[in-house]
2 protein chains.
Amino acid sequence: MKIVLIGAGNLATNLGKALQGAGHDIVQVWSRTEESAQALAAVLKCSCTTEAEEVVRSADVFVIAVKDSALSSLAASLKDGREGQLFVHTAGSMPLEILPFERRGVLYPMQTFSKNKEVDFSVIPCFVEASGKADEAMLISLSKTISDTVYVLDSENRKYLHLSAVFCCNFANHCFAMGERLLKEHGNLPFSVMLPLIEETASKLYSMSPQKAQTGPAVRWDKNVIDKHLQLLADEPGMQKIYELMSKSIHEVN
Amino acid sequence: MKIVLIGAGNLATNLGKALQGAGHDIVQVWSRTEESAQALAAVLKCSCTTEAEEVVRSADVFVIAVKDSALSSLAASLKDGREGQLFVHTAGSMPLEILPFERRGVLYPMQTFSKNKEVDFSVIPCFVEASGKADEAMLISLSKTISDTVYVLDSENRKYLHLSAVFCCNFANHCFAMGERLLKEHGNLPFSVMLPLIEETASKLYSMSPQKAQTGPAVRWDKNVIDKHLQLLADEPGMQKIYELMSKSIHEVN
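Every residue gets a number counted from 1 within its own chain, in the order that chain's sequence is written. To label them, take the chains in the order written and letter them from A, then take the ligands in the order written and number them from 1. Note on the predicted model: pLDDT of at least 70 is required for a residue's local features to be given, and 80 or more for side-chain atom pairs to be given and counted; whole-chain, interface and lining totals, by contrast, use all residues. To get the side-chain values, take all heavy atoms of the structure and skip hydrogens and water.

With that settled, the discussion passes to the domain arrangement of chain A. Residues and elements named next belong to chain A. Entries for chain A in the domain assignment read domain 1 (2-153) and domain 2 (158-253). Where each domain begins and ends is defined by an automated method or by a domain database. The C-alpha centroid of domain 2 is placed 35 Å from the C-alpha centroid of domain 1. Counting residues at the interface gives 14 residues for domain 1, matched by six residues for domain 2. Accessible area that two parts lose when put together, with a 1.4 Å probe and added across both, is what the buried area reports. Of the roughly 760 Å² buried where domain 1 meets domain 2, counting both sides, 66% is carbon and sulfur surface. Any carboxyl oxygen of Asp or Glu within 4 Å of a side-chain nitrogen of Lys or Arg constitutes a salt bridge here. Seen at the junction of domain 1 and domain 2, the total is one salt bridge. We note a salt bridge from Arg-158 to Glu-129, for which the minimum N-O separation is 2.7 Å. Polar contacts here mean pairs of N or O atoms no more than 3.5 Å apart (in protein, one a potential hydrogen donor and the other a potential acceptor; neighbouring residues in sequence count only if both atoms are side-chain atoms). At the boundary of domain 1 with domain 2, the tally comes to three residue pairs in polar contact (both at pLDDT 80 or more). Here a strand is any run of E in DSSP of at least two residues, a helix any run of H or I of at least four, and the numbering for each starts at the N terminus. For the side of domain 1 that touches domain 2, the secondary structure elements donating two or more residues are strand S6 (103-109) and strand S7 (126-130). In this description, contact between two residues means that some pair of their heavy atoms is separated by no more than 4.5 Å.

What follows covers helix H10 (residues 237-253) of chain B. Residues spaced three or four apart along an α-helix point in a common direction, a consequence of the helix completing one turn every 3.6 residues. Compared with an ideal rise of 1.5 Å per residue, which puts 17 residues at 24 Å, H10 of chain B spans 25 Å between its outermost C-alpha atoms and is within 8% of the ideal. Residues Met-239, Ile-242, Tyr-243, Leu-245, Met-246, Ser-247, Ser-249 and Ile-250 of chain B constitute the buried set of H10 of chain B. Buried residues in H10 of chain B make contact with helix H5 (155-185) and helix H10 (237-253) of chain A together with helix H5 (155-185), helix H8 (217-220) and helix H9 (223-232) of chain B. Working rule for helices: expected span equals 1.5 Å times residues minus one. Only protein chains enter the accessibility calculation, which uses a 1.4 Å probe. A residue is then buried if its area is under 20% of the maximum for its type, exposed if over 50%, and partly exposed in between.

This part is about the relation of the copies chain B and chain A. Residues below a pLDDT of 70 in either copy are left out; the C-alpha atoms of the rest, at least 70 in both, set the least-squares superposition of the copies. If you rotate chain B by 180° and push it 0.0 Å along the axis, it lands on chain A with an RMSD of 0.0 Å. Considering both components of the superposition, the chain copies are consistent with a two-fold axis. Taking the C-alpha atom as reference, chain B places Ala-172 of chain B closest to the rotation axis, 2.1 Å from it. An overlap of 99% is found between the interface residues of chain B and their copies at the interface of chain A, pointing to a shared contact surface.

On to the packing of aromatic side chains. Working definition: an aromatic ring pair is given by the centre-to-centre distance plus the angle between the planes. Aromatic pairs are defined between Phe, Tyr and Trp rings, using the six-membered ring for Trp, whenever the two ring centres lie within 6.5 Å; interplanar angles under 30 degrees are classed as stacked, those over 60 as edge-to-face, and all others as tilted. In total, this model carries 14 aromatic pairs over all chains according to the counting rule given. The rings of Phe-62, Phe-87 and Phe-101 of chain A are connected pair by pair, giving a single aromatic cluster.

Another aspect to go through is the pairing of strand S2 (residues 25-30) of chain A. Residue and element names in this part refer to chain A. Two elements, strand S1 (residues 2-6) and S2, share five bridges in a ladder whose sense is parallel. When the sheet's bridge partners are listed, Val-4 is paired in S2 with Gln-28. A crossover counts as right-handed when, viewed with the strands pointing away from the observer, the path leading from the first strand over the helix to the second turns clockwise. After leaving S1, the chain enters helix H1 (residues 10-21) and then returns to the sheet as S2, a path that is right-handed. Pairs of strands are assigned from DSSP output, requiring at least two bridges between the strands. Examined bridge by bridge, S2 and strand S3 (residues 47-49) share three bridges and lie parallel to one another. Looking at the pairing, Trp-30 lines up with Thr-49 of S3.

Right, let's talk about the side chain of Ser-93 of chain A for a bit. Relative to the elements of secondary structure, Ser-93 of chain A occurs in the loop between strand S5 (86-89) and S6. For Ser-93 of chain A, a relative accessible area of 7% corresponds to the buried category. Among the polar contacts listed, one links the side chain of Ser-93 of chain A to the side chain of Asp-68 of chain A, at a separation of 3.0 Å. Apart from the residues within four sequence positions on either side, Ser-93 of chain A is in contact with Asp-68 and His-162 of chain A together with Val-225, Lys-228 and His-229 of chain B.

Residues and elements named next belong to chain A. Contact geometry for H5 and H10: axes closest at 12 Å, N-to-C directions at 130°. Taken together, the axes of H5 and H10 lie oblique to each other. Two packed elements cross with a definite hand, and for H5 against H10 that hand is left-handed. In this structure, H5 uses Cys-175, Met-178, Arg-181 and Leu-182 to contact H10, whose residues at the interface are Met-239, Ile-242 and Met-246. Every axis in this analysis is a line fitted to C-alpha atoms, fitted for helices over the stretch in contact. Angles between the N-to-C directions lie between 0 and 180 degrees. For classification purposes, an angle smaller than 35 degrees is called roughly parallel, one larger than 145 roughly antiparallel, one from 65 to 115 roughly perpendicular, and anything else oblique. Crossings are classed by handedness, with left-handed meaning an anticlockwise turn of the near helix from the far one by less than a right angle and right-handed meaning a clockwise turn.

This brings us to the side chain of Gln-214 of chain A. As for its position among the elements, Gln-214 of chain A is in the loop between helix H7 (210-213) and helix H8 (217-220). At 3.0 Å, the side chain of Gln-214 of chain A and the backbone oxygen of Asn-170 of chain B are in polar contact. Residues contacting Gln-214 of chain A, with those up to four places away along its chain left out, are Val-219, Ile-250 and Asn-254 of chain A together with Asn-170, Asn-173 and His-174 of chain B.

All names here are of chain A. Taken in spatial order, the eight strands of this open sheet run S3-S2-S1-S4-S5-S6-S7-S8, and their pairing is mixed. Pairing within the sheet leaves two strands with one partner each, and these edge strands are S3 and strand S8 (150-152). On average, each strand axis in the sheet is tilted by 25° relative to the strand beside it, whichever way the strands run. As paired strands, S5 and S6 are joined by four bridges and run parallel to one another. Bridge pairing in S6 places Phe-87 opposite Arg-104. The sheet contacts of H5 involve S5, S6 and S7, and relative to S6 the element is tilted by about 25°.

Residues and elements named next belong to chain A. Patch construction takes residues with relative accessible area above 30% that form no salt bridge. Like charges are linked within 9 Å, and nonpolar side chains (Val, Leu, Ile, Met, Phe, Trp, Tyr) are linked within 5 Å. Accessible surface is estimated by sampling points in the Shrake-Rupley manner with a 1.4 Å probe; for residues, cover comes only from the protein chains shown. In this charge count, Lys and Arg are treated as positive and Asp and Glu as negative; neither His nor the chain ends contribute. For this purpose, a charge sits on NZ of Lys, CZ of Arg, CG of Asp or CD of Glu. Where like charges cluster on the molecular surface, the negative patch consists of Glu-34, Glu-51, Glu-53 and Glu-54. Mapped onto the secondary structure, Glu-53 falls in the loop between S3 and strand S4 (61-64). A relative accessible area of 55% means that Glu-53 is categorised as exposed.

Looking now at the sheet that holds strand S8 (residues 150-152) of chain B. Residues and elements named next belong to chain B. Pairing is mixed in the open sheet, where eight strands are placed in the order S3-S2-S1-S4-S5-S6-S7-S8. The open sheet has two free edges, formed respectively by strand S3 (47-49) and S8, since each of these has just one partner strand. Averaged over all pairs of adjacent strands, the angle between strand axes in this sheet comes to 25°, irrespective of strand direction. Its contacts with the sheet put helix H2 (residues 34-44) on strand S1 (2-6), strand S2 (25-30) and S3, and the angle it makes with S3 is roughly 165°.

In structure tokens form, the structure reads like this:
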């Protein structure tokens, strides 16, 4: 397929590489800044532009992978002269309707992308949605060329999927960050001592649900240990409050 | 070494197997209940008892691996007739001093143990402490026979290590459980869709600190997405409060 890539950030870069690797033709890259437009165009060996009006007029699909806050106005600026084209965004938390096009869709690859860290796209679940059945079928088959796991999901449920990802990725990672801080400040242990525990916590999920896998003082409601931990956090009111709420919440659901 | 195992739960079972696998002689198992005493004794092919007074009088080390709340009274019941013996507990959150023996120590293998899930003990970091230098050296070398990572850590810093483990394991796992609940209630997606994201979140930690690895709406302070997520959680005040606190905390440290 002939694909135009609107955006040149982490997601656009990873997605562009995966699509090209699957044999698709990335015909052009647009980015707000000359520097990132050229950087990604060099990787993908295609042309690039920073001007909305210079974006090509026709392609099989225009994929917009920019930050959420820029999505709406950028999409509007691309409307003129591209009537009847299929535009797709990649944002987990944005509805289909944010795109001001007749033919519109969503291709949300659910992963945490960082610059300089290659990801294997084939294991990333992709969630698609489109305004029409033909475009939906097209997005499903496009997604299947880069990922082994493709679901059709509407905007309403995708909001909750994205929210769930915030808990599973960002908030879990913040738990790791708080753990790291405690280690650094008391005993100056390297965070690497936690990696086997984290590895096991994650790997358990392949054989049991996280609710079933829970261990520790909160699920046992070991008030003695919980109170001692809260005392240890007396100088850290933010972490203390999080400890208290998380423990109560674990206790309630188990 | 000749080792007596006091306890027959998850930790005692895993530890007993690892010690025996490393060539040590588990001479006896004590458990409160006949059933678990016999079950573990069958695995380790050793004798067992449920009576404190029937525990052998002498061994190189007595390892007490029971739940925290039972530790103190159980240890006291073992005192008579075993003067001069080395007793060691395995509890992350308990001080050395809880043991009423002259020769006392701690061997804390930091991992989350579940019945029916084998763990590779060699990758589990072990933290040791002892009342005397000779016993400390002995516990270090004993631990090194079962684990590649052994640290000496005093009771005060071990408290924080244990607290850090609660954040990195129990609280991170609870984030997974909350994510699972959201998926189930909205779109009925299987939790397996989250596994690649969780895998990547954990695997990033081998190349960068969790604080540096953070992504998502809270670290960007994307107020628009955060407010929408808080609205989605309107029917879940517990999760809503956790979302709010975690987001603020991520924003503050980044």
